[in-house]
Amino acid sequence: MGAMSSDALLSRHREALALFGDRVHTVRPDQWDDPTPCTEWSVRDLVNHLTVEQLWVPPLLDGAAIEDLGDSLEGDLLGDDPVAAWDDAAAAARKAFGAPGALKREVALSQGPTRADAYGAQMTADAAVHAWDLSRAIGADEHLPEALVEFTREEVEPYADALAGTGLFAKPVRVPADADAQTRLLGQLGRRA
(Lines give C-alpha, C1' and ligand atoms only; values in the text may rest on other atoms or scores of the structure.)
Protein backbone atom coordinates (compact mmCIF):
# COMPACT_ATOMS: atom_id res chain seq x y z
CA MET A 1 0.00 0.00 0.00
CA GLY A 2 3.00 2.28 0.33
CA ALA A 3 2.46 5.65 1.96
CA MET A 4 -1.28 5.79 1.33
CA SER A 5 -3.26 6.92 4.36
CA SER A 6 -6.00 4.80 5.87
CA ASP A 7 -8.57 7.40 4.82
CA ALA A 8 -7.35 7.29 1.21
CA LEU A 9 -7.43 3.48 1.16
CA LEU A 10 -10.95 3.43 2.61
CA SER A 11 -12.02 5.97 0.01
CA ARG A 12 -10.67 3.84 -2.87
CA HIS A 13 -12.23 0.73 -1.31
CA ARG A 14 -15.65 2.41 -1.08
CA GLU A 15 -15.27 3.64 -4.65
CA ALA A 16 -14.43 0.17 -5.98
CA LEU A 17 -17.31 -1.48 -4.12
CA ALA A 18 -19.72 1.23 -5.24
CA LEU A 19 -18.66 0.82 -8.86
CA PHE A 20 -19.03 -2.95 -8.75
CA GLY A 21 -22.33 -2.59 -6.88
CA ASP A 22 -23.66 -0.17 -9.47
CA ARG A 23 -23.00 -2.80 -12.12
CA VAL A 24 -24.62 -5.54 -10.02
CA HIS A 25 -27.75 -3.39 -9.79
CA THR A 26 -27.90 -3.10 -13.59
CA VAL A 27 -27.68 -6.83 -14.34
CA ARG A 28 -30.88 -7.80 -16.15
CA PRO A 29 -32.63 -11.03 -15.14
CA ASP A 30 -31.65 -12.62 -18.47
CA GLN A 31 -27.91 -11.81 -18.00
CA TRP A 32 -27.01 -13.84 -14.90
CA ASP A 33 -25.88 -16.84 -16.95
CA ASP A 34 -24.01 -14.77 -19.56
CA PRO A 35 -20.24 -15.24 -19.97
CA THR A 36 -17.67 -12.81 -18.59
CA PRO A 37 -14.05 -12.02 -19.49
CA CYS A 38 -13.21 -14.42 -16.64
CA THR A 39 -13.60 -17.42 -18.94
CA GLU A 40 -14.66 -19.89 -16.28
CA TRP A 41 -17.32 -17.61 -14.78
CA SER A 42 -20.81 -16.51 -15.70
CA VAL A 43 -22.13 -13.14 -14.50
CA ARG A 44 -23.62 -14.92 -11.48
CA ASP A 45 -20.31 -16.67 -10.74
CA LEU A 46 -18.45 -13.35 -10.92
CA VAL A 47 -20.90 -11.59 -8.61
CA ASN A 48 -20.80 -14.57 -6.24
CA HIS A 49 -16.97 -14.45 -6.21
CA LEU A 50 -16.94 -10.79 -5.17
CA THR A 51 -19.78 -11.31 -2.70
CA VAL A 52 -17.97 -14.18 -1.01
CA GLU A 53 -14.76 -12.14 -0.88
CA GLN A 54 -16.65 -9.43 1.02
CA LEU A 55 -18.16 -12.00 3.38
CA TRP A 56 -14.64 -13.06 4.40
CA VAL A 57 -13.68 -9.56 5.52
CA PRO A 58 -15.52 -9.22 8.87
CA PRO A 59 -14.41 -12.57 10.35
CA LEU A 60 -10.83 -12.20 9.12
CA LEU A 61 -10.56 -8.69 10.57
CA ASP A 62 -11.99 -10.06 13.83
CA GLY A 63 -9.09 -12.51 14.03
CA ALA A 64 -10.61 -15.65 12.52
CA ALA A 65 -8.40 -17.97 10.52
CA ILE A 66 -9.55 -19.42 7.22
CA GLU A 67 -9.87 -22.88 8.74
CA ASP A 68 -12.12 -21.47 11.49
CA LEU A 69 -14.80 -20.82 8.88
CA GLY A 70 -14.59 -24.26 7.30
CA ASP A 71 -16.68 -24.46 4.15
CA SER A 72 -19.28 -21.92 5.33
CA LEU A 73 -18.26 -19.45 2.61
CA GLU A 74 -18.01 -21.92 -0.26
CA GLY A 75 -20.38 -22.37 -3.19
CA ASP A 76 -23.04 -20.03 -4.49
CA LEU A 77 -24.12 -17.77 -1.65
CA LEU A 78 -26.25 -15.37 -3.72
CA GLY A 79 -29.53 -17.15 -3.08
CA ASP A 80 -32.72 -15.92 -4.71
CA ASP A 81 -31.73 -12.24 -4.55
CA PRO A 82 -28.16 -11.79 -5.81
CA VAL A 83 -28.38 -8.00 -5.64
CA ALA A 84 -29.38 -8.00 -1.96
CA ALA A 85 -26.70 -10.60 -1.19
CA TRP A 86 -24.07 -8.33 -2.78
CA ASP A 87 -25.39 -5.22 -1.02
CA ASP A 88 -25.33 -6.89 2.39
CA ALA A 89 -21.86 -8.36 1.93
CA ALA A 90 -20.40 -5.10 0.59
CA ALA A 91 -21.90 -3.10 3.47
CA ALA A 92 -20.42 -5.53 6.00
CA ALA A 93 -16.98 -5.36 4.39
CA ARG A 94 -17.03 -1.54 4.28
CA LYS A 95 -18.04 -1.43 7.94
CA ALA A 96 -15.35 -3.95 8.97
CA PHE A 97 -12.52 -2.16 7.14
CA GLY A 98 -13.75 1.21 8.45
CA ALA A 99 -13.84 0.15 12.11
CA PRO A 100 -11.37 2.02 14.34
CA GLY A 101 -7.95 0.41 14.09
CA ALA A 102 -9.08 -2.28 11.63
CA LEU A 103 -6.45 -1.43 9.01
CA LYS A 104 -3.67 -1.73 11.60
CA ARG A 105 -4.54 -5.35 12.38
CA GLU A 106 -3.05 -8.48 10.90
CA VAL A 107 -5.23 -11.03 9.11
CA ALA A 108 -4.58 -14.72 8.50
CA LEU A 109 -4.84 -15.23 4.74
CA SER A 110 -4.03 -18.35 2.73
CA GLN A 111 -0.58 -16.91 1.93
CA GLY A 112 0.08 -16.28 5.64
CA PRO A 113 -0.22 -13.36 8.06
CA THR A 114 -0.95 -10.15 6.16
CA ARG A 115 -1.37 -6.55 7.26
CA ALA A 116 -5.02 -5.57 7.07
CA ASP A 117 -4.21 -2.46 5.02
CA ALA A 118 -2.46 -4.67 2.44
CA TYR A 119 -5.49 -6.98 2.44
CA GLY A 120 -7.76 -3.97 1.93
CA ALA A 121 -5.62 -2.79 -0.99
CA GLN A 122 -5.79 -6.23 -2.62
CA MET A 123 -9.57 -6.34 -2.16
CA THR A 124 -9.91 -2.86 -3.64
CA ALA A 125 -7.87 -3.73 -6.73
CA ASP A 126 -9.81 -6.96 -7.21
CA ALA A 127 -13.16 -5.17 -7.01
CA ALA A 128 -11.99 -2.52 -9.49
CA VAL A 129 -10.82 -5.03 -12.10
CA HIS A 130 -13.91 -7.18 -11.66
CA ALA A 131 -16.10 -4.09 -12.06
CA TRP A 132 -14.63 -3.84 -15.55
CA ASP A 133 -15.24 -7.56 -16.13
CA LEU A 134 -18.87 -7.21 -15.08
CA SER A 135 -19.31 -4.06 -17.16
CA ARG A 136 -17.98 -5.85 -20.23
CA ALA A 137 -20.21 -8.87 -19.59
CA ILE A 138 -23.45 -6.90 -19.26
CA GLY A 139 -22.73 -4.17 -21.81
CA ALA A 140 -22.37 -1.37 -19.24
CA ASP A 141 -19.96 1.59 -19.26
CA GLU A 142 -16.47 0.07 -19.00
CA HIS A 143 -14.71 3.26 -17.90
CA LEU A 144 -13.01 2.98 -14.52
CA PRO A 145 -12.36 6.16 -12.52
CA GLU A 146 -8.82 7.43 -13.04
CA ALA A 147 -7.92 7.38 -9.33
CA LEU A 148 -9.09 3.77 -9.05
CA VAL A 149 -7.08 2.75 -12.13
CA GLU A 150 -3.95 4.39 -10.73
CA PHE A 151 -4.48 2.81 -7.31
CA THR A 152 -4.98 -0.63 -8.88
CA ARG A 153 -1.93 -0.29 -11.12
CA GLU A 154 0.23 0.63 -8.13
CA GLU A 155 -1.21 -2.26 -6.12
CA VAL A 156 -0.73 -5.01 -8.71
CA GLU A 157 2.57 -3.82 -10.23
CA PRO A 158 4.82 -5.65 -7.73
CA TYR A 159 3.18 -9.03 -8.35
CA ALA A 160 1.58 -8.66 -11.79
CA ASP A 161 4.16 -10.88 -13.53
CA ALA A 162 3.34 -13.78 -11.20
CA LEU A 163 -0.43 -13.60 -11.64
CA ALA A 164 -0.65 -15.59 -14.87
CA GLY A 165 1.19 -18.44 -13.15
CA THR A 166 -1.50 -18.73 -10.50
CA GLY A 167 -4.04 -19.97 -13.03
CA LEU A 168 -6.42 -17.24 -11.85
CA PHE A 169 -5.37 -14.74 -14.52
CA ALA A 170 -4.74 -14.99 -18.23
CA LYS A 171 -1.32 -14.15 -19.60
CA PRO A 172 -0.69 -10.43 -20.12
CA VAL A 173 -2.02 -8.96 -23.34
CA ARG A 174 0.15 -6.64 -25.44
CA VAL A 175 -1.25 -3.15 -25.72
CA PRO A 176 -0.15 -0.22 -27.90
CA ALA A 177 2.68 1.89 -26.49
CA ASP A 178 0.35 4.89 -26.34
CA ALA A 179 -2.46 3.02 -24.57
CA ASP A 180 -4.18 4.80 -21.70
CA ALA A 181 -3.65 3.72 -18.09
CA GLN A 182 -6.82 1.62 -17.95
CA THR A 183 -5.94 -0.30 -21.12
CA ARG A 184 -2.40 -0.91 -19.81
CA LEU A 185 -3.78 -2.18 -16.48
CA LEU A 186 -6.27 -4.49 -18.17
CA GLY A 187 -3.61 -5.81 -20.54
CA GLN A 188 -1.27 -6.46 -17.65
CA LEU A 189 -4.03 -8.56 -16.07
CA GLY A 190 -4.75 -10.55 -19.23
CA ARG A 191 -7.78 -8.61 -20.43
CA ARG A 192 -8.42 -7.23 -23.89
CA ALA A 193 -9.94 -3.78 -23.55
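The structure this text deals with has already been given above.
This write-up is about the structure you can find in this document. Not measured: the values here are computed from a predicted model.

**Thoughts on the packing of aromatic side chains**
Scanning all chains against the criterion turns up 2 aromatic pairs. Ring geometry for Phe97 versus Tyr119: centroids 5.5 Å apart, planes at 55°, classification tilted. Of this pair, Phe97 sits in helix α3 (residues 82–98) while Tyr119 sits in helix α4 (residues 116–138); the two residues are 22 residues apart in sequence, bridging distant segments of the chain. Tyr119 matches Phe97 in its accessibility class, with the two residues each being buried.

**Overview of the packing of α4 against helix α5 (residues 146–156)**
Working note: a packed helix pair is described by the angle between its axes plus the distance between those axes. The N-to-C vectors of α4 and α5 enclose an angle of 125°; their axes lie 9 Å apart at closest approach. One element, α4, and the other, α5, form an angle in the oblique class. Judged by the sense of rotation from one axis to the other, the crossing of α4 with α5 is left-handed. Within the contact between the two elements, α4 uses Ala121, Gln122, Thr124, Ala125, Ala128 and Val129 and α5 uses Leu148, Phe151, Thr152, Glu155 and Val156. Residue composition of the contact of α4 with α5, by class: 7 nonpolar, 3 polar and 1 charged.

**Some remarks on the nonpolar core**
Core analysis: the largest hydrophobic core is formed by 33 residues, its most contacted members being Phe20, Val24, Trp32, Val43, Val47, Trp86 and Leu134. Counting residues per element, the ones that place at least two in this core are α1 (6–26), α2 (43–61), α3, α4, α5 and α7 (181–188). Of all hydrophobic cores here, the second largest spans 20 residues; its members include Trp56, Leu60, Ala102 and Leu103.

Basis of the calculations
Residues numbered from 1 in each chain as written. Predicted model: local features only at pLDDT ≥ 70, side-chain atom pairs only at ≥ 80, totals over all residues. Heavy atoms only, no water. Phe/Tyr/Trp six-rings, centres within 6.5 Å; stacked < 30°, edge-to-face > 60°. Helix = DSSP H or I, 4+ residues; strand = E, 2+ residues; numbered from the N terminus. Buried < 20%, exposed > 50% of the residue type's maximum accessible area, 1.4 Å probe, protein only. Axes fitted to C-alpha atoms, helices over the stretch in contact; angles between N-to-C directions. Parallel < 35°, antiparallel > 145°, perpendicular 65-115°, else oblique. Left-handed = near helix turned anticlockwise from the far one by under 90°. Contact = heavy atoms within 4.5 Å. Nonpolar A, V, L, I, M, F, W, Y, C, P; charged D, E, K, R; others polar. Core = buried A, V, L, I, M, F, W, Y, C linked by side-chain atoms within 4.5 Å.

Keep in mind these numbers describe shape, not what the thing actually does.
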